[in-house]
Amino acid sequence: LESALRNLTRNAGEALGEAGGKVRIRVRRRECSSEELQDSWIQPVPPPGVFTGFEVRDSGEGIDPETLERVFDAFFTTRFLGRGLGLAEVAGIVRSHRGAVLVVSEAGQGASFEILLPESRPDDPEEARPA
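Residues numbered from 1 in each chain as written. Predicted model: local features only at pLDDT ≥ 70, side-chain atom pairs only at ≥ 80, totals over all residues. Heavy atoms only, no water.

(A) Representation of the nonpolar core in the model. Leu 8, Phe 72, Leu 87, Val 90, Val 101, Phe 113 and Ile 115 are the most contacted members of the largest nonpolar core, which has 21 residues in total. Where this core is concerned, the elements lending two or more residues are helix H1 (2–16), strand S2 (49–58), helix H4 (86–96), strand S3 (100–105) and strand S4 (111–118). Those residues in contact with Val 101 that lie beyond four places of it in its chain are Asp 39, Ser 40, Trp 41, Ile 42, Phe 72, Val 94, Phe 113, Glu 114 and Ile 115. Cys 32, Phe 51, Ala 100 and Leu 102 belong to the second largest nonpolar core, which has six residues in total. (Core = buried A, V, L, I, M, F, W, Y, C linked by side-chain atoms within 4.5 Å. Buried < 20%, exposed > 50% of the residue type's maximum accessible area, 1.4 Å probe, protein only. Helix = DSSP H or I, 4+ residues; strand = E, 2+ residues; numbered from the N terminus. Contact = heavy atoms within 4.5 Å.)

Structure follows, in structure tokens:
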């Protein structure tokens, strides 16, 4: 999770460019419906329920629709020195936790990436995890 948030905050800071702006990080507990989760960029989509949301929002230029379609692809980058692995790593981390990522971006309005991880309860059975 630390690595995923580091990648999102680094991207948000870079999105501000020379003009500057703001990066906001918000953590919240929220209930998500099937309809909300259908917008996840990570497949398979988790079932509805209670999630912890980690949102990173910037006030940069936003992401155009063509670029947005590819942001989670490994080795895709819009930066001269980028490697294109940051958001692919975020996707892998979230997928391994059976979560979701919601992305909202409009030209001139910045971008918001929210990682949603399902809440576990003390009475949930432990699941076997790969070694």
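(B) Molecular detail of the side chain of Arg 30. Here Arg 30 is to be found in strand S1 (residues 23–32). Among the residues examined, Arg 30 registers a relative accessible area of 15% and is labelled buried. A polar contact of 2.7 Å, which involves the side chain of Arg 30, links it to the side chain of Glu 114. In this view, Arg 30 contacts Glu 36, Gly 49, Val 50, Phe 51, Leu 102, Glu 114 and Leu 116; residues no more than four positions away in its chain are not counted. (Polar contact = N/O pair within 3.5 Å; in protein donor to acceptor, adjacent residues only side chain to side chain.)

(C) Here's a closer look at the confidence of the model for the protein chain. Residues of the protein chain with pLDDT of at least 70 account for 87%, and the chain-wide mean is 87. Element-level pLDDT for the protein chain is lowest in helix H3 (residues 65–68), with a mean of 87, against a maximum mean of 97 in S1. (pLDDT = per-residue confidence, 0-100.)

(D) Main features of the packing of H1 against H4. One way to put it is that H1 packs onto H4 with a least axis distance of 9 Å and a crossing angle of 145 degrees. Seen along the crossing, H1 lies across H4 with a hand that is left-handed. Residue-level contacts link Ser 3, Ala 4, Asn 7, Leu 8 and Asn 11 of H1 to Gly 86, Leu 87, Glu 89, Val 90 and Ile 93 of H4. Class assignment for the residues of the contact of H1 with H4 results in five nonpolar, four polar and one charged. (Axes fitted to C-alpha atoms, helices over the stretch in contact; angles between N-to-C directions. Left-handed = near helix turned anticlockwise from the far one by under 90°. Nonpolar A, V, L, I, M, F, W, Y, C, P; charged D, E, K, R; others polar.)

(E) Structural detail: the sheet that holds S1. In space, the four strands of this open sheet follow the order S1-S2-S4-S3, with antiparallel pairing throughout. Each of the sheet's edge strands pairs with one partner strand only, and the pair in question is S1 and S3. Sheet twist, expressed as the average angle between the axes of neighbouring strands with direction ignored, equals 20 degrees. Two elements, S3 and S4, share six bridges in a ladder whose sense is antiparallel. (Pairing = 2+ DSSP bridges.)

(F) Representation of unusual backbone geometry. Here the residue pair Gln 43 and Pro 44 is connected by a cis peptide bond, since its omega of 0 degrees sits within 30 degrees of zero. Here Arg 98, not a glycine, exhibits a phi torsion of approximately 55 degrees, which is positive.

(G) Layout of the pattern of salt bridges. Across all of its chains, the model carries nine salt bridges by this definition. Across the pair Arg 29 and Glu 119 runs a salt bridge, and its minimum N-O distance is 2.6 Å. In this pair, Arg 29 sits in strand S1 while Glu 119 sits in the segment after S4, placing the two residues 90 residues apart along the sequence. For Arg 29, a relative accessible area of 59% gives the class exposed. When the shortest N-O distance is used, the salt bridge between Glu 114 and Arg 30 registers 2.7 Å. Of the two residues, Glu 114 sits in strand S4 while Arg 30 sits in strand S1, which places them 84 residues apart along the sequence. Classification of Glu 114 as buried rests on a relative accessible area of 5%. Through salt bridges with shared partners, one network takes in Arg 24, Arg 26, Glu 55 and Arg 57. (Salt bridge = Lys/Arg side-chain N within 4 Å of Asp/Glu carboxyl O.)

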